[in-house]
Amino acid sequence: MGRETIYDRAYFHYLPMLSNTDRGMKILDELKNDPRTKSLEGVHTFTGRGFGSYSPENLAIWYLWASDKFSETEARLGLDSYLDSDKIPILNTLWIVGVIVKEPIILSNEIRILPIQEIPDSEAKELYLETDRKLLNYSYPMPKAAIVCEPVVERTVEYFEDPSPILERNKEYSESIKLLEDTCLLLNLIEGISSTPYCHATYSMPKMPFGMFNGSSSSTFRYDVIGYRAVELKNGRKSEINKLLKSFLELEEEEKGRFRRILSRLSQAKRRDQIEDKILDLSIALEMSLLDDNKKYDQLSLSFRLRGSWLIASNAIERDEVYNYLKKLYDYRSQVAHSGAFKKNTPENKRLIKQNLSNYCSIAERIICKLIHDGQPDWDLLILGSDKPRKSL
């Protein structure tokens with residue numbers, strides 16, 4: 001027998017009221033005779049990727065539930081807003097793992113990072129809130145936060161066999177999906193944070209039909225590396241995230257694609273368990289950042305450490321420090337790439353590499369942030385410390 005969900009409990013609590021109570025019968029009769037609801041017959045309600053058949057019973061159940069959960073006044077306002085509008089807001093949601101927030105973080109572009117408690121009630125939320133994973137037979141972490149926004153979509157559709165034309169008409173919704181995914185990737189540039197998309201879902205707004213009674217749509221992300229740690233993201237990082245998001249959105253589409261791949265590798269490096277895998281992924285992210293124009297693969301190691309150190313260091317002492325960290329990192333990367341192990345493959349050496357891993361990650365974060373904010377420099381001029389073009393020989 002399947003597990004009873006929050007939806008089941010609510011639905012079967014209010015369903016009998018439609019025929020057994022004066023309150024329920026009155027609401028159902030009113031909705032059936034409302035000229036605005038008659039226009040919903042034979043069409044489907046749209047909640048992002050999901051579609052639901054209209055029924056006056058479902059609408060009456062939502063109204064009873066919303067009246068009890070919020071108030072009769074708010075339920076009536078939500079009902080009238082829904083029935084009087086051609087377009088409605090929905091909650092576009094990207095559940096993420098690796099991040100915990102204790103209070104909402106309000107970002108630009110109307111994006112919010114919410115703790116799980118503030119996401120609308122749903123079967124998914126109830127599942128993710130479970131603490132006994134053995135009972136649920138899950139061996140991987142559950143999301144405890146989500147990135148959300150509220151695009152406006154068409155309230156109803158007359159067909160649903162092919163969703164492509166519907167999504168084309170709802171570009172705000174389609175574009176918001178990319179925005180949520182890019183925000184998730186950019187969180188990996190915050191020190192100590194590893195952010196991974198878990199699944200994308202859309203929900204009806206709770207105070208507007210049909211709430212959780214319209215169900216939700218979701219798509220699962222599949223990752224080879226999901227990680228097992230979750231770190232708190234504090235509200236004090238909001239300004240940093242907003243600046244990154246602003247700079248990223250101003251990039252050309254081709255550059256956005258490149259940085260998505262870079263950030264994906266950085267994220268994997270943070271989530272990996274094995275130190276060898278961490279070093280490889282971190283180095284790949286930095287190579288894509290620093291060596292993109294090196295088509296002949298000349299002096300990769302030297303360019304790698306020179307470019308990185310001159311890009312983010314502000315004086316000779318700091319440049320020397322960053323230079324040496326990058327030299328070590330590239331050396332370790334070459335050892336693993338060529339032989340599958342470190343040259344000194346001992347517990348002591350691995351322990352030393354792990355001790356410096358936070359420095360390697362910090363340098364990678366700073367380099368990628370700098371490139372997103374300022375664009376790619378003329379590497380030759382940067383290393384020469386010149387602001388004038390070189391003369392051709």
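The structure we're discussing is the one just above.
Before going into details, it helps to say that this report is about the structure given with it. (Residues numbered from 1 in each chain as written. Predicted model: local features only at pLDDT ≥ 70, side-chain atom pairs only at ≥ 80, totals over all residues. Heavy atoms only, no water.)

## A look at the packing of aromatic side chains
Describing an aromatic ring pair means giving the distance of the ring centres and the angle of the ring planes. The tally for this structure, following the rule as stated, stands at 13 aromatic pairs. When the ring of Trp 65 is compared with that of Phe 70, the centres are 5.8 Å apart and the planes differ by 85 degrees; the resulting orientation is edge-to-face. Assessed through its relative accessible area of 25%, Phe 70 is described here as partly exposed. Here Trp 95 and Tyr 128 contribute two aromatic rings whose centre-to-centre distance is 4.9 Å and whose plane-to-plane angle is 80 degrees, an arrangement assigned as edge-to-face. Of the two residues, Trp 95 sits in strand β3 (residues 87–97) while Tyr 128 sits in helix α7 (residues 123–128), which places them 33 residues apart along the sequence. For the pair formed by Trp 95 and Tyr 128, the shared burial category is buried. What links up through ring pairs into an aromatic cluster is the set Tyr 7, Tyr 11, Phe 12, Trp 65, Phe 70 and Phe 213. Residue placement shows Arg 258 over the ring face of Phe 259; its charged tip is 5.0 Å from the ring centre. Its guanidinium or amino end placed over the ring of Trp 310, Arg 319 lies 3.9 Å from that ring's centre, counting from NZ or CZ. (Phe/Tyr/Trp six-rings, centres within 6.5 Å; stacked < 30°, edge-to-face > 60°. Buried < 20%, exposed > 50% of the residue type's maximum accessible area, 1.4 Å probe, protein only. Helix = DSSP H or I, 4+ residues; strand = E, 2+ residues; numbered from the N terminus. Lys NZ or Arg CZ within 6 Å of the ring centre and 35° of its normal.)

## Some details on the side chain of Asn 349
Residue position: Asn 349 is located in helix α16 (residues 347–374). Accessibility expressed as a relative area gives 13% for Asn 349, which makes it buried. Setting aside residues no more than four positions away along its own chain, Asn 349 makes contact with Phe 342 and Lys 344. (Contact = heavy atoms within 4.5 Å.)

## Digging into the pairing of strand β6 (residues 112–115)
Look at any regular strand and the pattern is simple: side chains alternate between the two faces of the sheet. Across 2 bridges, strand β5 (residues 105–106) lies against β6 in antiparallel orientation. Looking at the pairing, Ile 106 lines up with Arg 112 of β6. The turn linking β5 back onto β6 is made up of 5 residues, and Asn 109 within it adopts a positive phi angle of 60 degrees. Of the pairings in the sheet, the one linking β6 to strand β7 (residues 145–149) comprises 4 bridges and is antiparallel in character. If you follow Leu 114 over to β7, its bridge partner there is Ala 146. (Pairing = 2+ DSSP bridges.)

## Overview of helix α14 (residues 300–312)
End to end, α14 covers 18 Å across 13 residues, agreeing with the expected 18 Å (1.5 Å per residue, within 8%). When α14 is considered as a whole, its buried residues turn out to be Ser 303, Phe 304, Arg 305, Arg 307, Gly 308, Ser 309, Leu 311 and Ile 312. On its buried side, α14 packs onto α13 (275–290), α15 (316–339), α16 and α17 (379–384). (Expected span 1.5 Å × (residues − 1).)

## With respect to the pattern of salt bridges
Inspection of the entire model under this criterion finds 26 salt bridges. As a salt-bridge pair, Arg 76 and Glu 30 come within 2.9 Å of each other at their nearest N and O atoms. Separated by 46 residues along the polypeptide, Arg 76 in helix α6 (residues 72–83) and Glu 30 in helix α3 (residues 22–32) bring together distant segments of the chain. Here Asp 374 and Lys 370 are joined by a salt bridge, their closest N and O atoms 3.1 Å apart. With a gap of 4 residues between them, Asp 374 and Lys 370 both fall in helix α16, about one helical turn apart. (Salt bridge = Lys/Arg side-chain N within 4 Å of Asp/Glu carboxyl O.)

## Notes on the packing of α13 against α14
In the contact formed by α13 and α14, the axes pass within 10 Å of each other and the chain directions differ by 75 degrees. As far as their axial angle goes, α14 and α13 are roughly perpendicular. Taking contact as the criterion, the partners of Ser 283, Leu 286, Glu 287 and Leu 290 in α13 are, on α14, Phe 304, Arg 307, Gly 308 and Leu 311. Per-class residue counts for the contact of α13 with α14 are 4 nonpolar, 2 polar and 2 charged. (Axes fitted to C-alpha atoms, helices over the stretch in contact; angles between N-to-C directions. Parallel < 35°, antiparallel > 145°, perpendicular 65-115°, else oblique. Nonpolar A, V, L, I, M, F, W, Y, C, P; charged D, E, K, R; others polar.)

## What to know about the environment of Leu 28
Turning to its location among the elements, Leu 28 is positioned in helix α3. Sequence spacing of Leu 28 and Pro 56 is 28 residues, and the spatial spacing of their C-alpha atoms is 6.8 Å. Among residues more than four places away in sequence, those in contact with Leu 28 are Leu 18, Pro 56, Glu 57 and Ala 60.

## Quick word on helix α10 (residues 171–186)
End to end, α10 covers 23 Å across 16 residues, agreeing with the expected 22 Å (1.5 Å per residue, within 8%). Burial in α10 covers these residues: Tyr 173, Ser 176, Ile 177, Leu 179, Leu 180, Asp 182, Thr 183, Cys 184, Leu 185 and Leu 186.

## A short note on the pairing of strand β10 (residues 196–204)
Among the 9 residues that make up β10, 9 are buried, leaving the element largely enclosed by the rest of the structure. With 8 bridges connecting them, β3 and β10 associate as antiparallel partners. Each residue of the ladder has a partner; that of Leu 94, found in β10, is His 200.

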